[in-house]
Amino acid sequence: MTGATLRGLLVALLIATPALMLPDVASDSSQVTVLVALLAAFLTFVEYNSTLPSIVEFRDAPPFNRLRFTALFLTVVMLSAIIKGQTEPTLMTGALTSIGTIVGNAIDFPYSPVRLVVLMLPEGSDLAIVRSVRTSAGLAYLISLTAMTAFLVLVRILGWPTRRGAFNVWVNLPLFDPTGGGDVLYRLQRDARINIALGFLLPFIIPAVVKAASDLVDPITLSNPQTLIWTITAWAFLPASMIMRGIAMAKIADMIEDKRRRAYASAEGEDGFQTA
């Protein structure tokens, strides 16, 4: 219960961070933020306080969810600090802005994800908003790439998820039905490829879809600081999370395939011994 309570409080803090850090937040917006934070905290507490899994994947395979939460939390905090630094500059906000500007300008080339995010803005947008979007996108993309690289190291070098003992597929993949039809190994490999492919494509697809939909509905406005923070965070975090999930499922598929291979080899050895 203590761990579930702590996780719920951290999720609530994550959602409330922009409202807490940014100056001049409207009271109506603060009330909605508090309501959403409390609801998310309650759902997280219920999930982690339950013995049986329901929604959260890889619940008992740390540090998968911890790494994703850390990346998400850092993205929200750093983007909030950059926006706050526009009106209340400090040494930290200046450093984060410089890093985001350098990374954003470096990967802002034709058809890059950052360029597509900038083009997602309505025509005639203020130059300050364009620079803020480019800086935020560059920093968020850097955090996402760092999280993916760290998880790849955990899988390939540090032996995740078996370094702490046996891996329970049912507990860690509650939404995956092993009796849903077809070979489990094939389905895991297929889902892993789909997640990785979508993770690579989403940074390009999301801005294109938003830009195309702007002809039918009001174009998205990133002049609101909280809208900017959550939009850029979702744009960077969701693809990274899907790629990490694909890598994890591919690793589980490799574990099942290796276990089958050893089981078949052991069975053949026993048959040969009995024949002899």
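Conventions and cut-offs
- Residues numbered from 1 in each chain as written.
- Predicted model: local features only at pLDDT ≥ 70, side-chain atom pairs only at ≥ 80, totals over all residues.
- Heavy atoms only, no water.
- Phe/Tyr/Trp six-rings, centres within 6.5 Å; stacked < 30°, edge-to-face > 60°.
- Helix = DSSP H or I, 4+ residues; strand = E, 2+ residues; numbered from the N terminus.
- Buried < 20%, exposed > 50% of the residue type's maximum accessible area, 1.4 Å probe, protein only.
- Salt bridge = Lys/Arg side-chain N within 4 Å of Asp/Glu carboxyl O.
- Core = buried A, V, L, I, M, F, W, Y, C linked by side-chain atoms within 4.5 Å.
- Contact = heavy atoms within 4.5 Å.

Draft legend 1. How the structure looks around the packing of aromatic side chains. Enumeration over the complete set of coordinates arrives at eight aromatic pairs. Geometrically, the ring pair formed by F69 and F73 is stacked, given 5.9 Å between the ring centres and 20° between the ring planes. Here F69 and its partner F73 are both found in helix α3 (residues 64–85), four residues apart, which amounts to about one turn of the helix. The partly exposed category is assigned to F73, whose relative accessible area is 25%. Judged by centre distance (5.5 Å) and plane angle (25°), the rings of Y141 and W235 are stacked. Placement of Y141 in helix α6 (residues 127–156) and of W235 in helix α9 (residues 225–275) is noted, with a sequence separation of 94 residues between them.

Draft legend 2. Highlighting unusual backbone geometry. With an omega dihedral of 5°, the bond running from P62 to P63 counts as a cis peptide bond. Structurally, P63 is set in the loop between α2 (27–49) and α3. In the segment running from W160 into P161, the intervening peptide bond is cis, with an omega of 5°. By secondary structure assignment, the location of P161 is in the loop between α6 and α7 (169–172). Despite not being glycine, F58 has its phi angle at roughly 55°, a positive value. Looking at where F58 falls in the secondary structure, it is placed in the loop between α2 and α3. Backbone geometry at Y111 places phi at a positive 70°, although glycine is not the residue there. Here Y111 shows up in the loop between α4 (91–106) and α5 (113–119). Judged by its relative accessible area of 70%, Y111 is exposed.

Draft legend 3. Representation of the pattern of salt bridges within the structure. Under the criterion given, the structure shown has nine salt bridges. When the shortest N-O distance is used, the salt bridge between D108 and R115 registers 2.6 Å. When the shortest N-O distance is used, the salt bridge between D191 and R190 registers 3.5 Å. Judged by its relative accessible area of 18%, D191 is buried. For R190, a relative accessible area of 34% translates into the label partly exposed. Overlapping salt bridges, with partners in common, bring together E257, D258, R261 and R262 in one network.

Draft legend 4. Quick peek at the nonpolar core. Core analysis: the biggest nonpolar cluster contains 30 residues, and V133, I232 and W235 have the highest contact counts within it. Of all the elements in the fold, those that place two or more residues in this core are α3, α5, α6 and α9. With eight residues, the top contributor of residues to this core is α6. Ignoring sequence-local partners within four residues, the contact set of I232 consists of L79, V117, V133, S136, A137 and A140. In this structure, F151, V155, L185 and A248 belong to the second largest nonpolar core, which totals 23 residues.

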